[in-house]
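Topology and contacts: notes
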Amino acid sequence: AADEAVADSERGGNPASQVAAKAARAALPGGDPDGARAALDAWGARGALSTRVTSRLDIWRGSGDAKDAAEARSILAGALARIPPDRLDGVRRTLLFRQVEAACAAAGLPPLRGLVRRRRERPRAGSDGTG
């Protein structure tokens, strides 16, 4: 069934579906993590954050290579760096964040939480007395 999903995604021509299907197949016994990694790398940063991170985690599940978990962590950390500080706590409770944290722990990597730095808040207009 997983091989059929990959074949269907290739016939459909949607790159996101192709990458996600190949990555999910890579996580299963007999999967092709190298092929899935190549497809994801060729797709680059064009796709949705969740698809890129989830696909990288699936590849890590199939390969066991800590570099894949580290890449998932890096993608998510880059996105989190742009989130306003008052929303970070909510993001840290999401399933995707928890999955990346679990992968990092299993791969022996530092937690994602330590990589996410809070942005310095900019003063709001008028808060400094200038109007």
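Refer to the structure above for everything that follows.
Residues numbered from 1 in each chain as written. Predicted model: local features only at pLDDT ≥ 70, side-chain atom pairs only at ≥ 80, totals over all residues. Heavy atoms only, no water.

1. Notes on the side chain of arginine 25
Along the chain, arginine 25 turns up in helix α2 (residues 15–26). Judged by its relative accessible area of 17%, arginine 25 falls in the buried class. Separated by 3.2 Å, the side chain of arginine 25 and the backbone oxygen of proline 29 make a polar contact. (Helix = DSSP H or I, 4+ residues; strand = E, 2+ residues; numbered from the N terminus. Buried < 20%, exposed > 50% of the residue type's maximum accessible area, 1.4 Å probe, protein only. Polar contact = N/O pair within 3.5 Å; in protein donor to acceptor, adjacent residues only side chain to side chain.)

2. What to know about helix α4 (residues 49–63)
Relative to the 21 Å expected for 15 residues at 1.5 Å per residue, α4 spans 21 Å between its end C-alpha atoms, a close match to the ideal helical length. Considered for burial, the residues of α4 that qualify are Arg52, Val53, Ser55, Arg56, Leu57, Asp58, Ile59 and Trp60. The first or second residue beyond α4 is glycine 64, which carries a positive phi of 75 degrees. (Expected span 1.5 Å × (residues − 1).)

3. Description of the pattern of salt bridges
For the structure shown, the criterion picks out six salt bridges. In this structure, the salt-bridge partner of aspartate 68 is arginine 56, at a minimum N-O distance of 3.3 Å. Placement of aspartate 68 in helix α5 (residues 66–80) and of arginine 56 in helix α4 is noted, with a sequence separation of twelve residues between them. Here aspartate 68 and arginine 56 have matching classes, each one buried. Here aspartate 58 ties to arginine 61 by a salt bridge, and the two come within 2.8 Å at their closest N and O atoms. (Salt bridge = Lys/Arg side-chain N within 4 Å of Asp/Glu carboxyl O.)

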